[in-house]
Amino acid sequence: MITLTQARAQLESLESLKRTEVVTLMDALGRVASESVASSLDIPPCDNSAMDGFAVSTSSLSDGGTALPISQRIPAGAQPAVLEKGTAARIFTGGVVPSGADAVVIQENCDFDLESVTILKRVEAGANIRPQGQDISSGAEVICVGQKLSAIDISLLASIGKAEVRVYKPITVALFSTGDELIEPGNPLASGQIYNSNRPLLVALCQKMGFKVYDCGIVEDTLDATKVALSDAAANADVIISSGGVSVGEEDHVKPAVEALGELAMWKVQIKPGKPVAFGKINGVPFLGLPGNPVSSFTVFQLLGVPLLNTLQGRAKEQMISYPVIADFDKKFSTREEYIRVKIERDSRGQLRANRFANLSSGVMSSLSWADGLVRQDIDTEVIAGQVLEFLPLHEAML
């Protein structure tokens with residue numbers, strides 16, 4: 001049995017798939033940049049006014065009120081003339097600061113009409129001016145290889161004049177569940193059957209991450225059927241993820257099937273929930289076998305599936321978001337690195353406190369709906385109320 005850190009390192013050592021395409025900015029949300037992007041211009045492209053007011057030369061201002069004629073009017077987008085000496089220019093937010101001006105006086109500090117302005121409050125050189133290149137300088141890198149593009153990133157690309165961006169093509173994830181007891185929702189249950197909750201969970205998680213899904217459905221609990229499913233998945237996808245069948249029972253056929261068709265590189269990880277985890281390759285296609293219990297399947301997907309898929313997609317390696325919280329519970333030591341479902345509340349002093357779900361069984365899926373996230377319990381370490389623990393938020397942030 002290996003540690004979670006060792007398992008993640010093994011998965012993140014894989015080579016990413018290098019297929020790329022060019023997409024418009026309107027189609028770039030959530031895509032992963034396959035090349036760095038540098039700006040070919042300064043943003044802003046020239047000095048401009050940060051406020052509505054009057055562009056002046058500070059050398060023409062006195063300590064008291066200074067009356068100046070208005071020599072020009074500069075709205076945003078207009079090209080100004082050189083500022084005449086001893087005058088002021090009426091200027092609006094975003095307007096280009098004229099040559100000869102070195103400050104903008106906000107209109108609230110002025111008395112003015114259409115022809116002249118009295119500056120009531122002296123300003124220093126540079127006041128209320130956004131200098132050329134203040135935001136982005138020409139040649140500066142604005143997008144890095146492996147960066148997942150957000151709405152803000154897309155706006156940034158647009159600001160430097162980019163209409164398109166080169167990204168990695170989305171990988172295809174083959175998904176299947178094993179278990180003769182499983183039946184798809186919408187069908188009547190027979191005695192001993194349960195609805196398959198892992199399949200829609202994994203499909204939704206992969207789609208949310210921006211991947212294509214090759215859905216292999218439910219595979220019957222036989223070695224031959226498992227081998228057929230793995231072969232089909234390997235022929236039609238870039239990576240395979242299964243749920244169930246990775247334990248050591250007589251009806252668990254994933255391990256022998258993987259060994260028969262390819263190679264098994266990982267078997268069991270020192271975490272709870274989720275000890276039975278399989279990783280290997282089928283005809284060169286990476287395979288990750290998740291436990292069948294719903295909480296275990298979800299937890300292992302977050303801890304190992306997400307870094308695996310992000311690595312294959314070419315996304316830059318990143319740490320999961322976490323922050324410290326105070327435990328509001330006691331728990332005996334665990335021989336595995338344990339991830340405990342908790343809800344977070346803020347106490348009267350503003351501190352974040354974690355309350356654990358009463359039932360930590362790996363089959364209680366309602367606990368994940370209840371929980372805000374997971375706290376990590378180190379191997380062979382007790383949790384004592386008041387202790388600071390690492391909290392991993394479940395909703396949004398872990399993806």
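That block above? That's the structure.
Since the model is a prediction, treat every value here as computed from it, not as a measurement. (Residues numbered from 1 in each chain as written. Predicted model: local features only at pLDDT ≥ 70, side-chain atom pairs only at ≥ 80, totals over all residues. Heavy atoms only, no water.)

A. The arrangement of the overall build of the protein in detail. Along the protein, the regular secondary structure elements total seven helices and 26 strands. Dimensions of the protein, computed from C-alpha atoms along their principal axes, come out at roughly 95 × 50 × 40 Å. Of all 399 residues assigned to the protein, the portion counted as buried reaches 46%. Partitioning the contacts of the protein with sequence separation of at least 6, the portion at a separation of at least 24 is 70%. Only carbon and sulfur atoms are counted for the fraction: they give 50% of the accessible area of the protein, which is about 18,800 Å². Both charge centroids of the protein, one from 35 positive and one from 47 negative side chains, sit 3 Å from each other. (Helix = DSSP H or I, 4+ residues; strand = E, 2+ residues; numbered from the N terminus. Buried < 20%, exposed > 50% of the residue type's maximum accessible area, 1.4 Å probe, protein only. Contact = heavy atoms within 4.5 Å. Areas by Shrake-Rupley, 256 points an atom, 1.4 Å probe, with all protein chains shown as cover. Lys, Arg positive; Asp, Glu negative; His and termini not counted. Charge placed at Lys NZ, Arg CZ, Asp CG, Glu CD.)

B. View of the pairing of strand E5 (residues 66–74). Where E5 meets strand E9 (residues 116–119), four bridges bridge the pair, whose relative direction is antiparallel. Within E9, the residue paired with Pro69 across the bridge is Ser116. (Pairing = 2+ DSSP bridges.)

C. Spatial organisation of helix H3 (residues 198–208). Those residues of H3 lying buried are Asn198, Leu201, Leu202, Val203, Leu205 and Cys206. Those residues of H3 that are buried are in contact with strand E13 (172–178), strand E16 (212–219), strand E17 (239–243), strand E21 (285–290) and helix H6 (294–313). Looking one or two residues past H3, Gly210 carries a phi angle of roughly 95 degrees, positive in sign.

D. Quick peek at the sheet that holds E13. Across the sheet, which stays open at both edges, the six strands sit in the order E16-E13-E17-E21-E20-E18 with mixed pairing between neighbours. In the strand order of this sheet, the two ends are held by E16 and strand E18 (262–267), each with one partner. Going across the sheet, the axis of each strand differs from the next one's by a mean of 20 degrees, ignoring polarity. Inspection of the sheet shows E13 paired to E16 by six bridges, in the parallel sense. Paired with Ala174 across the strands is Tyr214, a residue of E16. The strands touched by helix H1 (residues 4–12) are E18 and strand E20 (278–282); relative to E18, the strand with the most contacts, the crossing angle is about 150 degrees. In this fold helix H5 (residues 254–261) packs onto E13, E17, E18, E20 and E21, with an angle of close to 135 degrees to the strand it touches most, E18. (Axes fitted to C-alpha atoms, helices over the stretch in contact; angles between N-to-C directions.)

E. Structural view of the environment of Ser40. If you trace the backbone, Ser40 turns up in the loop between strand E2 (37–38) and strand E3 (48–49). Of the residues examined, Ser40 reaches a relative accessible area of 62% and is grouped as exposed. In sequence terms Ser40 and Gly161 are 121 residues apart; their C-alpha atoms lie 8.7 Å from each other.

F. Spatial organisation of the nonpolar core. By size, the foremost hydrophobic cluster in this structure holds 39 residues, and its most contacted members are Val173, Ile241, Phe301, Leu304, Leu308 and Leu309. Those elements that place two or more of their residues in this core are H1, E13, H3, E17, E21 and H6. The greatest single-element share of this core, amounting to ten residues, is contributed by H6. If we ignore the near neighbours within four places in the chain, the residues touching Val173 are Cys206, Phe211, Lys212, Val213, Tyr214, Ala237, Val239, Ile241 and Leu309. Counting residues in hydrophobic clusters, the runner-up holds 18 residues, among them Ala174, Val258, Ala278 and Ile282. (Core = buried A, V, L, I, M, F, W, Y, C linked by side-chain atoms within 4.5 Å.)

G. Structural detail: the sheet that holds E9. Strands sit in the order E7-E4-E6-E5-E9-E8 across an open sheet of six strands; the sheet is mixed. Since the sheet does not close on itself, it has two edges, and those belong to strand E7 (103–106) and strand E8 (110–112), each with one partner. Ignoring which end each strand starts from, the neighbouring axes of this sheet average 35 degrees apart. Pairing geometry for strand E4 (residues 53–56) and strand E6 (residues 88–91), over three bridges, is antiparallel.

H. Just empty space enclosed by the protein, in detail. Tallied over the entire structure, the rule returns one cavity of 30 Å³ or more. Roughly 90 Å³ of volume is contained in the largest cavity. (1 Å grid on protein atoms, 1.4 Å probe; cavity = no way out; pocket = protein on both sides within 12 Å on 5 of 7 lines; lining within 4 Å. Points joined across faces, edges and corners; volume = space filled by probe spheres on them.)

I. Structural view of the pattern of salt bridges. Here the structure, examined in full by the defined rule, presents 13 salt bridges. Here Asp328 and Arg353 are joined by a salt bridge, their closest N and O atoms 2.9 Å apart. Of this pair, Asp328 sits in the loop between strand E22 (323–327) and strand E23 (337–346) while Arg353 sits in strand E24 (residues 352–356), and the two are 25 residues apart along the sequence. The class of Arg353 is buried, set by a relative accessible area of 18%. Linking Arg353 and Asp347 is a salt bridge whose minimum nitrogen-to-oxygen distance equals 3.2 Å. Shared partners join several salt bridges into a network, and the residues in it are Arg8, Glu12 and Lys317. (Salt bridge = Lys/Arg side-chain N within 4 Å of Asp/Glu carboxyl O.)

It is worth stressing that arrangement in space is one thing and function is another; only the former is reported here.
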